[in-house]
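Observations on the three-dimensional arrangement
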Amino acid sequence: MTILIVFLCIALLIVLISVFKINAFLSFLAVSFVAGLALGLPPARIPSSIEKGMGDVLGSLAIIITAGAMLGKLVAESGAAQKIAQVSMNIFGEKYIQWAMVLTGFLIGIPLYYGIGFVLMVPLIFSVVYRYKLPALYIGLPMLAALSVTHGFLPPHPSPAALVIQFKADMGLTLLYGLAVSIPAIVIGGPIFSRYLKAIPASPLASFTPKEMSENELPSGFKSFFTALLPVILLAAASFLPMILSADSSILPYIQFAGNPSVVMLIVLIAATWLLGLSQGKKMTEIMGVYAEALKDIALILLIIAGSGALKQVLTESGVSNQIADYLQNIKAEPLFLAWMIAAIIRFCVGSATVAGLTTAGIIVPLMEHTHTNPNLMVLAVGAGSLMFSHVNDAGFWMFKEYFGLTLKDTFKSWAMMESIVGLVGLGGVLFLNIFI
């Protein structure tokens, strides 16, 4: 009955948005109240649950998304996007530009959290799309597939890293196996799958439309690439420096402070204001005007993401994930496949890859120990399952839809399908490795 209620609530959300054309944020709020009542949450607790869900998701993303939008708008307005697109196309050519996007997404996806990488890479994707008149999904999906896979499979991302600890796996081996599984998942879910999406119309945010400028007006290649890569450099340094410093090092707290994603984005925005703004002859009032325009474009996106957080919190507090996991634990199946299936179903119902992964871990540990399943592969199996079935209760689904200007139907055909492909290919890779390890 619990699973049926969740399915009906998700169906109601889809109907409200796609059939009745009700604003997605308002639809999320309405369905969150309905879901809370139907799943037995005390009525007085539902509003606070919704507020907590909205606050939690915005608390972690608001600064990152707003600063990222400002950075992206400045990259577009300053000509840096045009310069980056020129250099990329000169190196790889239009024929291989998809693989340039995959490589970029994979490299920055290892140190960066998915949401940060998405916001930072969208301007680069759109610059190539607008400059060379290429289909947005054909160019964008390969990069985002790489970002998604690294987020779900590879430590030091939050969910895989936590699973390594809970399963008592080896971080290095998990990363090594994860790289082997990630590559085919990215290739099939990204460049190969996106070839079939060229006909889907997409209207990327006009905020990131690069201005056509003459060559002498463009910032240098160094300024353009350095500004775009600065977040990666800072976050990578914050991840790796603590590994070579002693625990009592006096500079460690400052590194941890400077490596916080929100702090990084503010540092990068300050640097970009100088490198792509003031040093290019722009006045401060002009730059602030660019930033204000960027905020207008992402206000609705923030509200929709907040709405998805509200629904996720209601489903989490109702105990849906634990009920489903307890039920599935009694099914007789290969432990790696069972873990993948539990994570996939919880992801479908709750909408969070991290919640799906960590909930599955608590259920599957006893079975893993009893069957002596390889803990490193178990991390990857759960990670693959947690990427499955991204849909309307997932913030990433809405970020992709709104940034690329897609209909709900086309978002299912592109984003949701890509996430399921990488989840299925990831499972296949894990089961294949299990034969030899």
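Residues numbered from 1 in each chain as written. Predicted model: local features only at pLDDT ≥ 70, side-chain atom pairs only at ≥ 80, totals over all residues. Heavy atoms only, no water.

Here the focus is the overall build of the protein chain. Looking only at helices and strands, one finds 19 helices and zero strands in the protein chain. Taken against the 2.2 N^0.38 rule, which gives 22 Å for 437 residues, the C-alpha radius of gyration of the protein chain at 22 Å falls within 12% of a compact globule. Its C-alpha atoms give the protein chain principal-axis dimensions of about 65 × 50 × 50 Å. Counting only residues that meet the buried cut, the protein chain has 57% of its 437 residues in that class. Sequence separation of at least 24 residues holds for 81% of the intrachain contacts in the protein chain that already meet a minimum separation of 6. Of the accessible surface of the protein chain, which amounts to about 17,600 Å², a share of 69% is contributed by carbon and sulfur atoms. (Helix = DSSP H or I, 4+ residues; strand = E, 2+ residues; numbered from the N terminus. Rg over C-alpha atoms; globule rule 2.2 N^0.38 Å. Buried < 20%, exposed > 50% of the residue type's maximum accessible area, 1.4 Å probe, protein only. Contact = heavy atoms within 4.5 Å. Areas by Shrake-Rupley, 256 points an atom, 1.4 Å probe, with all protein chains shown as cover.)

Turning next to the pattern of salt bridges. Within this structure, the stated rule accounts for nine salt bridges. The closest approach of N and O atoms between Asp56 and Lys52, which form a salt bridge, is 2.7 Å. Separated by four residues within a single helix, Asp56 and Lys52 lie in helix 3 (residues 46-78), roughly one turn from each other. Judged by relative accessible area, which is 40%, Asp56 ranks as partly exposed. Using a relative accessible area of 41% as the deciding quantity, one classes Lys52 as partly exposed. Across the pair Lys73 and Glu77 runs a salt bridge, and its minimum N-O distance is 3.5 Å. (Salt bridge = Lys/Arg side-chain N within 4 Å of Asp/Glu carboxyl O.)

Before going further, it helps to spend a moment on the confidence of the model for the protein chain. This prediction gives the protein chain a mean pLDDT of 83; 92% of its residues lie at or above 70. Across the protein chain, element-level confidence peaks in helix 19 (residues 408-436) with a mean pLDDT of 93 and bottoms out in helix 14 (residues 320-328) with 65. (pLDDT = per-residue confidence, 0-100.)

Here we take up helix 18 (residues 395-404). The element helix 18 is extensively covered by neighbouring structure, given that ten of its ten residues are classed as buried. Turning to helix 18, its buried residues are Ala395, Gly396, Phe397, Trp398, Met399, Phe400, Lys401, Glu402, Tyr403 and Phe404. Among the residues of helix 18, the N-terminal cap falls to Asp394, whose side-chain oxygen and the backbone nitrogen of Gly396 are separated by 3.1 Å. Phi turns positive one or two residues past the end of helix 18, at Gly405, with a value near 65°. (Polar contact = N/O pair within 3.5 Å; in protein donor to acceptor, adjacent residues only side chain to side chain.)

So, on to unusual backbone geometry. Look at Lys21: it is not a glycine, yet its phi comes out positive at around 60°. You can see Lys21 is positioned in the loop between helix 1 (2-18) and helix 2 (24-38). Even without being a glycine, Phe389 presents a positive backbone phi close to 55°.

Let us now look at a nonpolar patch on the surface. Together, Ile91, Phe92, Tyr96, Trp99, Leu103 and Leu107 make up an exposed nonpolar region whose accessible area comes to about 600 Å². When residues of the nonpolar patch are traced back to their parent elements, those giving at least two are helix 4 (80-92) and helix 5 (97-109). One can find Phe92 in helix 4. The class for Phe92 is partly exposed, based on a relative accessible area of 32%. (Patch = residues over 30% accessible without salt bridge, like charges linked within 9 Å, V, L, I, M, F, W, Y side chains within 5 Å.)

Moving on, we come to the packing of aromatic side chains. Per the stated rule, a full pass over the model turns up eleven aromatic pairs. Considering the side-chain rings of Phe432 and Phe436, the 5.0 Å spacing of their centres and the 65° angle between planes classify their relative orientation as edge-to-face. Taken together, the residues span about one helical turn, with Phe432 and Phe436 both in helix 19 at a distance of four residues. Each residue in the set Phe28, Phe397, Trp398 and Phe412 is aromatic and connected to the rest through ring pairs, giving one cluster. (Phe/Tyr/Trp six-rings, centres within 6.5 Å; stacked < 30°, edge-to-face > 60°.)

Roughly 440 Å³ of volume is contained in the second largest pocket. As for the second largest pocket, its lining consists of 26 residues, of which Ile84, Thr104, Leu124, Phe225 and Leu229 are closest to the centre. Contributions of two or more residues to the lining of the second largest pocket are made by helix 3, helix 4, helix 5, helix 6 (114-132) and helix 10 (221-244). Here the lining of the second largest pocket takes seven residues from helix 5, the largest share from any one element. Taken together, the residues of the lining of the second largest pocket sort by class into 22 nonpolar, four polar and no charged. (1 Å grid on protein atoms, 1.4 Å probe; cavity = no way out; pocket = protein on both sides within 12 Å on 5 of 7 lines; lining within 4 Å. Points joined across faces, edges and corners; volume = space filled by probe spheres on them. Nonpolar A, V, L, I, M, F, W, Y, C, P; charged D, E, K, R; others polar.)

Attention now goes to the environment of Thr411. Structurally, Thr411 is set in helix 19. On a C-alpha basis, the gap between Thr411 and Ala343 in space is 22 Å, while along the polypeptide they are 68 residues apart. Apart from residues no more than four positions distant in its own chain, Thr411 is found in contact with Phe397, Phe400, Lys401, Leu406 and Ala416.

Turning next to the packing of helix 9 (residues 171-194) against helix 17 (residues 375-386). Across the interface, helix 9 lies against helix 17 with an axial gap of 9 Å and an inter-helix angle of 50°. In terms of axis orientation, helix 9 runs oblique to helix 17. Crossing handedness for the pair helix 9 and helix 17: right-handed. Contact residues: helix 9 offers Leu173, Thr174, Tyr177, Gly178 and Val181, while helix 17 offers Asn376, Leu377, Val379 and Leu380. Of the residues in the contact of helix 9 with helix 17, the class split is six nonpolar, three polar and no charged. (Axes fitted to C-alpha atoms, helices over the stretch in contact; angles between N-to-C directions. Parallel < 35°, antiparallel > 145°, perpendicular 65-115°, else oblique. Left-handed = near helix turned anticlockwise from the far one by under 90°.)

Counting residues in hydrophobic clusters, the biggest one holds 140 residues, and the most contacted among them are Phe167, Tyr403 and Phe404. Top element by residues in this core is helix 13 (residues 284-317). It accounts for 14 residues. Aside from chain neighbours lying at most four places away, what touches Phe404 is Ile125, Phe126, Ala136, Leu137, Gly140, Leu144, Ala202, Ser203 and Pro204. (Core = buried A, V, L, I, M, F, W, Y, C linked by side-chain atoms within 4.5 Å.)

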